Amino acid sequence: MFQAPITTERRRSVYALLELIYHSIVRDVRKSHRNAFLGLVLNMMQTIVFVLTFYLMYSLLGLRGSAVRGDFLLYIMSGIFLYLTHTKAMQAVIQSEGPASAMMQHAPMTTAISITAAALSSLYLQLLSLLVVLFFYHVIFNPVVIDNPAGAMAMLLMSWFTGVGVGLILLAIKPWAPDVVTVVSSIYSRANMIASGKMFLANSLPASMLVLFDWNPLFHTIDQARGFTFINYNPHFSSAMYPLYVGLVLVAIGLMGEFYTRKNASISWSASR
């Protein structure tokens, strides 16, 4: 008598799923801070600190001549934004609710919804921070001119997508070896400070150095994003399709690993780890 009717109509089921994902995204966004506005400010401050640090480093080391001819700060931000988007997406997926989490005891909740909400919440925060930072830079300092905004945004989304793929693989391994995943994710994030190529241009690298970075999809997205951002730069040694293929492979492997982990998960894992 008091049992809620089960929705069988496909359209209403899809709407209910989207509503559940939306509320999960809101919950994930509020994880970092109870006040959503302060959470956004903290995320923006991290981006600004990164940009100022690299600006001072380039200025002190005399590396400004190696940048693209154009707005120097926009050159730095084009690398920082994509790096942070990739890294934050990976970390958000790793920290999403696993199969042994208490949240999974609620009937509508699944690991797929948890992963989707974590990935989309990180993308939401990064996009909002990017727009706010660029708006204030455009108004206060220099007008922001992007040669191909659609292409630059596509590379930002590609950086997020590959970050989700890496996060999915580490999330699948996390219940089996949580300490290993923590160390690997930390090393990967710090290695990408250099390996992502945000400090230099692919066109300026010799062939012997290029092979050290060519494996990294983030290296390709950042270099291609600078080609879309600046009219004076045409990337010759990176590909816009390579990150897509790598991202699809990473997501496929991560989903298979997560499916296996979910089927073999034990509630005792969450109690002991």
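From a predicted model like this one, the values you see are computed outputs, not experimental measurements. (Residues numbered from 1 in each chain as written. Predicted model: local features only at pLDDT ≥ 70, side-chain atom pairs only at ≥ 80, totals over all residues. Heavy atoms only, no water.)

Draft legend 1. Quick look at the confidence of the model for the chain. Averaged over every residue, the pLDDT of the chain is 82; the share at 70 or more is 81%. By mean pLDDT, helix α10 (residues 267–272) is the weakest element of the chain at 49, and helix α5 (residues 149–173) is the strongest at 95. (pLDDT = per-residue confidence, 0-100. Helix = DSSP H or I, 4+ residues; strand = E, 2+ residues; numbered from the N terminus.)

Draft legend 2. Representation of the side chain of serine 159. Note on placement: serine 159 falls in helix α5. Polar contacts involving the side chain of serine 159 include one to the side chain of threonine 221, which spans 3.0 Å. Discounting residues that sit within four places of it in the chain, serine 159 has contacts with Leu82, His86, Leu218 and Thr221. (Polar contact = N/O pair within 3.5 Å; in protein donor to acceptor, adjacent residues only side chain to side chain. Contact = heavy atoms within 4.5 Å.)

Draft legend 3. Summary view of the packing of helix α3 (residues 72–94) against helix α4 (residues 111–140). Where α3 contacts α4, the two axes come as close as 8 Å, and the packing angle between them is 160 degrees. The angle between α3 and α4 places the two elements in the roughly antiparallel class. Here α3 and α4 pass one another in a crossing that is right-handed. Facing α3, whose interface residues are Leu73, Leu74, Met77, Phe81, Leu84, Thr85, Lys88, Ala89, Ala92 and Val93, α4 presents Ile115, Ala118, Ala119, Ser122, Gln126, Leu130, Val133, Leu134 and Tyr137. Class assignment for the residues of the contact of α3 with α4 results in 15 nonpolar, three polar and one charged. (Axes fitted to C-alpha atoms, helices over the stretch in contact; angles between N-to-C directions. Parallel < 35°, antiparallel > 145°, perpendicular 65-115°, else oblique. Left-handed = near helix turned anticlockwise from the far one by under 90°. Nonpolar A, V, L, I, M, F, W, Y, C, P; charged D, E, K, R; others polar.)

Draft legend 4. Examining the pattern of salt bridges more closely. As enumerated under the stated definition, the model contains one salt bridge in all. Arginine 262 serves as the salt-bridge partner of glutamate 258, at 2.6 Å between the closest nitrogen and oxygen. Of this pair, glutamate 258 and arginine 262 both sit in helix α9 (residues 242–264), separated by four residues, roughly a single helical turn. Here glutamate 258 falls in the buried class, since its relative accessible area comes to 8%. For arginine 262, a relative accessible area of 34% puts it in the partly exposed group. (Salt bridge = Lys/Arg side-chain N within 4 Å of Asp/Glu carboxyl O. Buried < 20%, exposed > 50% of the residue type's maximum accessible area, 1.4 Å probe, protein only.)

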